[in-house]
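For reference, the chains in residue letters:
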Amino acid sequence: MRLTICGGGNLGHVIAAFAAHYGYEVQLLTRHPERWSNDITIDTPEGTSITGHISRISNHPEEVIPNADIILLCLPGYGIADCLRSIAPLLSPQGGKLGVRAVGSVVSSTGFFFEALKILPANTPLFGFQRVPFIARVAEYGHSAHLLGYKPQLHMAVEHMSDPQPFQEEIAKLFRTEVVLLNSHYEVSLTNSNPLLHPSRLYDLWSDWHEGIVYSQVPMFYEEWTERAAQLYIDMDNELQQLLQVLPVRPGSIPTVLEYYESYDAVSLACKLRSIEAFKGIPAPMQPVANGFVPDFHSRYFTEDFPYGLAIVRRLMHEHQIPAPTIERIYQWGEAFSVISRRQRK
């Protein structure tokens, strides 16, 4: 089975090595092929390391797309549409070894299904996950990475597959974990993971920030999670759950954050998030300046979770006329940061 990964970020590194180590032929589409080794090593939570061989690394889609059985985007939200446009002319109707040539995204909450249904040829088989399969961090770009945590179960949605069971089994084999098939792409596109999780903490950290404020230290993003951030997260999720009631989503297919994290209020949720081993050691996104640190507006927390995650939820809330005061307040605050970020880039 031949897998082509599009994108060389944290998850691209780990999935490439993991899949190749366990018997898949892996190809990579990246803007920086010259920075990659064909052999990628990752360390695991068990204290071991595994190495996978990438058979072909290219920045030309025509070299790694037409012969792939599975195409998996490991890209931030702002890179999805451009990548889909580049591969769309190369997707022949001929199926792969499973009878389909499927295109998917490791992150679905940044608009993958909405873009793919517009850009790719009609009836292209699609798939995407509700939450990412691994917690991953690059160690040395193009050479090594850390696999920090697994998911005990993956929830996946598909489109344009008349019989999705063989594909479901193949993805379970690929990630070596159980895969649960969901009914609708809304069930993966509207996750209450990063698009709500990160903005709630960012707002908690810096809702009173303005130009001129400099902080003396960088807090830990999860290990110092506050009860206020937990309550904001719960409030945003309560608003999302109201939206889910009017969409083609099965009850319970997107569990509440309290259910998912086995908590019952803001105090217990904050305690849970502080204790997750795979989340430890992750600093808040900040950059050094004279005399201290300021928020890093160019981090993915800002460039992805607001305009390509929370924005989708907010748009659907508006379309269905569902009040969402917490989501609206935090989204508007994040948009102000985006303006600052664009001004800094100029």
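Definitions and cut-offs
Residues numbered from 1 in each chain as written. Predicted model: local features only at pLDDT ≥ 70, side-chain atom pairs only at ≥ 80, totals over all residues. Heavy atoms only, no water. Helix = DSSP H or I, 4+ residues; strand = E, 2+ residues; numbered from the N terminus. Contact = heavy atoms within 4.5 Å. Disulfide = S-S within 2.5 Å. Buried < 20%, exposed > 50% of the residue type's maximum accessible area, 1.4 Å probe, protein only. Phe/Tyr/Trp six-rings, centres within 6.5 Å; stacked < 30°, edge-to-face > 60°. Lys NZ or Arg CZ within 6 Å of the ring centre and 35° of its normal. Axes fitted to C-alpha atoms, helices over the stretch in contact; angles between N-to-C directions. Parallel < 35°, antiparallel > 145°, perpendicular 65-115°, else oblique. Left-handed = near helix turned anticlockwise from the far one by under 90°. Expected span 1.5 Å × (residues − 1). 1 Å grid on protein atoms, 1.4 Å probe; cavity = no way out; pocket = protein on both sides within 12 Å on 5 of 7 lines; lining within 4 Å. Points joined across faces, edges and corners; volume = space filled by probe spheres on them. Nonpolar A, V, L, I, M, F, W, Y, C, P; charged D, E, K, R; others polar. Salt bridge = Lys/Arg side-chain N within 4 Å of Asp/Glu carboxyl O. Core = buried A, V, L, I, M, F, W, Y, C linked by side-chain atoms within 4.5 Å. pLDDT = per-residue confidence, 0-100. Pairing = 2+ DSSP bridges.

Colleague: Tell me about the side chain of Ser 189, and please be specific about residues and values.
Modeller: One can find Ser 189 in helix 6 (residues 186-189). Ser 189 has contacts with Ser 108, Ser 109, Phe 113 and Phe 114, leaving out every residue within four places of it along the chain.

Colleague: Quick rundown of the state of the cysteines? Include the residues and the values.
Modeller: Following the criterion strictly, the structure yields 0 disulfides and no others. In this model Cys 83 remains outside any disulfide bridge; the closest cysteine sulfur is found in Cys 6, 4.1 Å from its own. Owing to a relative accessible area of 9%, Cys 83 belongs among the buried residues under this scheme.

Colleague: Outline the packing of aromatic side chains, supporting the account with residue identities and numerical values.
Modeller: Counted according to the given criterion, the structure contains 22 aromatic pairs. Three or more aromatic residues link up through ring pairs in this structure, and these residues are Phe 18, Tyr 22, Phe 127, Phe 129, Phe 134, Tyr 150, Phe 167 and Phe 175. Here Arg 35 stacks its cationic end above the ring of Tyr 141, 4.1 Å away from the centre of that ring. The ring of Tyr 260 is capped by Arg 131, whose NZ or CZ atom sits 3.6 Å from the centre of that ring.

Colleague: Outline the packing of helix 3 (residues 77-87) against helix 4 (residues 112-119), supporting the account with residue identities and numerical values.
Modeller: The description of two helices packed together rests on the angle between their axes and the distance between the axes. Contact geometry of helix 3 with helix 4 gives a least axis separation of 10 Å together with a crossing angle of 30°. Between helix 3 and helix 4, the angle is such that the two are roughly parallel. Once helix 3 is placed against helix 4, the crossing between them reads as right-handed. Note on element contacts: helix 4 touches helix 3 through Phe 112, Glu 115, Ala 116 and Ile 119, opposite Ile 80, Ala 81, Leu 84 and Arg 85.

Colleague: Explain helix 1 (residues 10-21) residue by residue, including any values.
Modeller: If you check helix 1, its first and last C-alpha atoms are 17 Å apart, about what 12 residues at 1.5 Å a residue would give, namely 16 Å. Among all positions of helix 1, only Leu 11, Gly 12, His 13, Val 14, Ile 15, Ala 16, Ala 17, Phe 18, Ala 19 and Ala 20 are buried. Once helix 1 ends, the next one or two residues include Gly 23, with phi positive near 105°.

Colleague: Can you explain the layout of surface pockets? Please cite residues and give values.
Modeller: By volume, the second largest pocket is sized at about 590 Å³. As for the second largest pocket, its lining consists of 22 residues, of which Gly 7, Gly 8, Arg 31, Leu 75 and Pro 76 are closest to the centre. The element that contributes the greatest number of residues to the lining of the second largest pocket is helix 3, accounting for 5 residues. Taken together, the residues of the lining of the second largest pocket sort by class into 10 nonpolar, 9 polar and 3 charged.

Colleague: Talk me through the pattern of salt bridges; I want residue IDs and the actual numbers.
Modeller: Under the criterion given, the structure shown has 10 salt bridges. Its salt-bridge partner being Arg 250, residue Glu 187 comes within 3.8 Å of it at the nearest N-O pair. In this pair, Glu 187 sits in helix 6 while Arg 250 sits in the loop between helix 8 (227-244) and helix 9 (257-260), placing the two residues 63 residues apart along the sequence. One connected set of salt bridges, linked through shared partners, spans Arg 201, Asp 204 and Arg 228.

Colleague: Go over the nonpolar core with me, naming the residues and quoting the values.
Modeller: Leu 190, Trp 206, Phe 221, Trp 225 and Leu 243 are the most contacted members of the largest nonpolar core, which has 54 residues in total. If you tally residues by element for this core, the top one is helix 8, at 9 residues. Apart from the residues lying within four places of it in its own chain, the contact partners of Trp 206 are Tyr 215, Ala 284, Pro 285, Met 286, Pro 295, Phe 302, Trp 333 and Phe 337. Ranked by size, the runner-up nonpolar core spans 40 residues in total, among them Ile 5, Tyr 24, Ala 136 and Val 179.

Colleague: How would you summarise the confidence of the model for the chain if you had to cite specific residues and measurements?
Modeller: Overall, the prediction assigns the chain a mean pLDDT of 92, with 95% of residues at 70 or greater. Across the chain, the element-wise mean pLDDT spans from 79 in helix 13 (residues 325-345) up to 98 in strand 2 (residues 25-29).

Colleague: Give me the sheet that holds strand 7 (residues 126-129): which residues, what numbers.
Modeller: Taken together, the 11 strands give an open sheet; going across it, the order is 8-9-3-4-2-1-5-6-7-10-11, and neighbouring strands pair in mixed fashion. Either end of the sheet is taken by a strand with one partner, and the two such strands are strand 8 (134-140) and strand 11 (178-181). Each adjacent strand pair in this sheet contributes to an overall mean axis angle of 30°, direction not counted. In the sheet, strand 10 (residues 153-159) pairs with strand 11 via 4 bridges, with the strands oriented parallel. The residue bridging Leu 154 from the neighbouring strand is Val 179, located in strand 11. Running over the sheet, helix 3 touches strand 1 (2-6), strand 2, strand 5 (70-73) and strand 6 (102-105) and is turned about 155° from strand 5.

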